[in-house]
Amino acid sequence: PASPVRVAVTGAAGQIGYSLLFRIASGQLLGPDQPVILQLLEVTPALGALRGVVMELEDCAFPLLAGVTTSDDANVAFGDAEIALLVGARPRSKGMERKDLLEANGAIFTVQGKALSDNAAAGIRVLVVGNPANTNALIAQQSAPNIPAERFTAMTRLDQNRAKAQVAGKVGVPVTEVRDLAIWGNHSATQYPDLFHATVGGRPAMDVIGDRTWMEKEFIPTVQQRGAAIIEARGASSAASAASAAIDHVHDWVLGTGDGGWVSMAVPSDGSYGVPEGLISSFPVTCAGGQWSIVQGLEIDEFSRGRIDASAAELGEERAAVRELGLI
Ligand code: NAX
């Protein structure tokens, strides 16, 4: 059998962690033949709760789970890791300004970026889930001189999955019929779910939907506000769906998108589509051989241009703010 892959997860005792760890251990992240070792990072006060989660992992007797370690030290948790899922972050508390939020997260992601750089395996791939995910990924990347820049990504797959489900529901087809639906920009309310390149059953999605008003007035706001709608309904933020999207993101990055069409990942921009270089912004990508590449040559109309530019501008402001704070 293959030797185990070390997968580090931060915020492991949190809500998303509680869904994510079991799916990783069951083989859904890296496939049914790949044993894994989970290396879990939490803040010191959460280590007790984390111990309970580890007991439950043991009690699943997962055949692919070759070991579990826990720590409150990032240098330990990231040791020889090939995959790091950075889920733990500082949430926005009441009355907190964006600057305070960026600063609090900067304290986490500078340390974790450096710890990854110093301790992870050469092949390390990083997915940042903790919000503000794109800018947290940028901070970690800039704190990690030993890791190639393109190994830092942030999650917009949940937004893509949400968008696909909305389209499938609208036209009454299985989600598998909806393809090449890209999310552009920031994982925030400025994100742009793009239907102009998507297809439904092989036909242009906008032709099948036949309702531009729905796209502009319902679809886009629904996808952008879905996180808030879940909180409103559930009294807690999306967790199982976020974990599921994290599994999808890393699975496709490592094992390839094959003939599954595009996926959305926030990746360091190379300037494609006018998104300023270096910003970690969502694009349509395909993956092969463990590498992502931005889908090139798409025609961007005026409507999409405005949306993509607005979200990129927000990312630019976040980057300027963390620069000013000395975090990058
Ligand atoms: P929880 O508050 O349930 O769990 C977070 C865990 O992280 C806590 O157990 C906390 O102790 C731990 N933590 C905090 N600082 C840490 C550090 N420095 N090192 C290690 N662990 C640390 O939040 P949960 O619902 O699991 O959400 C986690 C993050 O995902 C949040 O930032 C949330 O905003 C973000 N999300 C991102 C999404 C995306 O699509 N990119 C969607 C879902 C989710 O909202």
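- The name given to the chain in an unreviewed UniProt entry is Malate dehydrogenase, with Acidiferrimicrobium australe as the source organism.
- Per UniProt, the chain has the following entry under Function (unreviewed entry): "Catalyzes the reversible oxidation of malate to oxaloacetate."
- Turning to the chain, the UniProt annotation filed under Sequence similarities (unreviewed entry) states: "Belongs to the LDH/MDH superfamily. MDH type 2 family."

**A word on the UniProt feature "binding site: NAD(+)" (unreviewed entry) in the chain**
Here's step 1: Feature annotation in UniProt places "binding site: NAD(+)" (unreviewed entry) on Gly11, Ala12, Ala13, Gly14, Gln15, Ile16, Gly17, Asn105, Gln112, Val129, Gly130 and Asn131, given in this structure's numbering.
Here's step 2: Within the secondary structure layout, Ala13 lies in the loop between strand S1 (5-10) and helix H1 (15-25).
Here's step 3: Note on placement: Gly130 falls in the loop between strand S5 (125-128) and helix H5 (133-142).
Here's step 4: Setting aside chain neighbours within four positions, we find Gly130 in contact with Leu86, Val87, Ala89 and Asn136.

**Examining the UniProt feature "domain: Lactate/malate dehydrogenase C-terminal" (unreviewed entry) in the chain**
Here's step 1: Here the UniProt feature "domain: Lactate/malate dehydrogenase C-terminal" (unreviewed entry) sits at residues 156-319.
Here's step 2: The span residues 156-319 is 46% helical and 19% strand by assignment, and the distance between its end C-alpha atoms comes to 18 Å.

**Topic: the side chain of Ser281**
Here's step 1: Along the chain, the position of Ser281 falls in strand S13 (residues 280-288).
Here's step 2: Residue class for Ser281 comes out buried when judged on its relative accessible area of 1%.
Here's step 3: Dropping the residues within four chain positions of it, Ser281 is found in contact with Asn134, Gly185, Met265, Ala266, Val267, Val275 and Leu315.

**A closer look at the pairing of S13**
Here's step 1: Counted residue by residue, S13 has seven buried out of nine residues, so it is predominantly covered.
Here's step 2: Direction of pairing for strand S12 (residues 263-268) relative to S13: antiparallel, over a ladder of six bridges. Note that in S13 the partner of Ala266 across the bridge is Ser282.
Here's step 3: Looking at chain direction, S13 and strand S14 (residues 291-294) are connected through four bridges and run antiparallel. Residue Ala288 lies in a different strand from S14, and its bridge partner there is Gln291.
Here's step 4: Connecting the antiparallel pair S13 and S14 is a turn made up of two residues, with Gly289 showing a positive phi of about 60°.

Calculation rules
Residues numbered from 1 in each chain as written. Predicted model: local features only at pLDDT ≥ 70, side-chain atom pairs only at ≥ 80, totals over all residues. Heavy atoms only, no water. UniProt positions renumbered as here; feature names shortened; annotations may be inferred. Helix = DSSP H or I, 4+ residues; strand = E, 2+ residues; numbered from the N terminus. Contact = heavy atoms within 4.5 Å. Buried < 20%, exposed > 50% of the residue type's maximum accessible area, 1.4 Å probe, protein only. Pairing = 2+ DSSP bridges.

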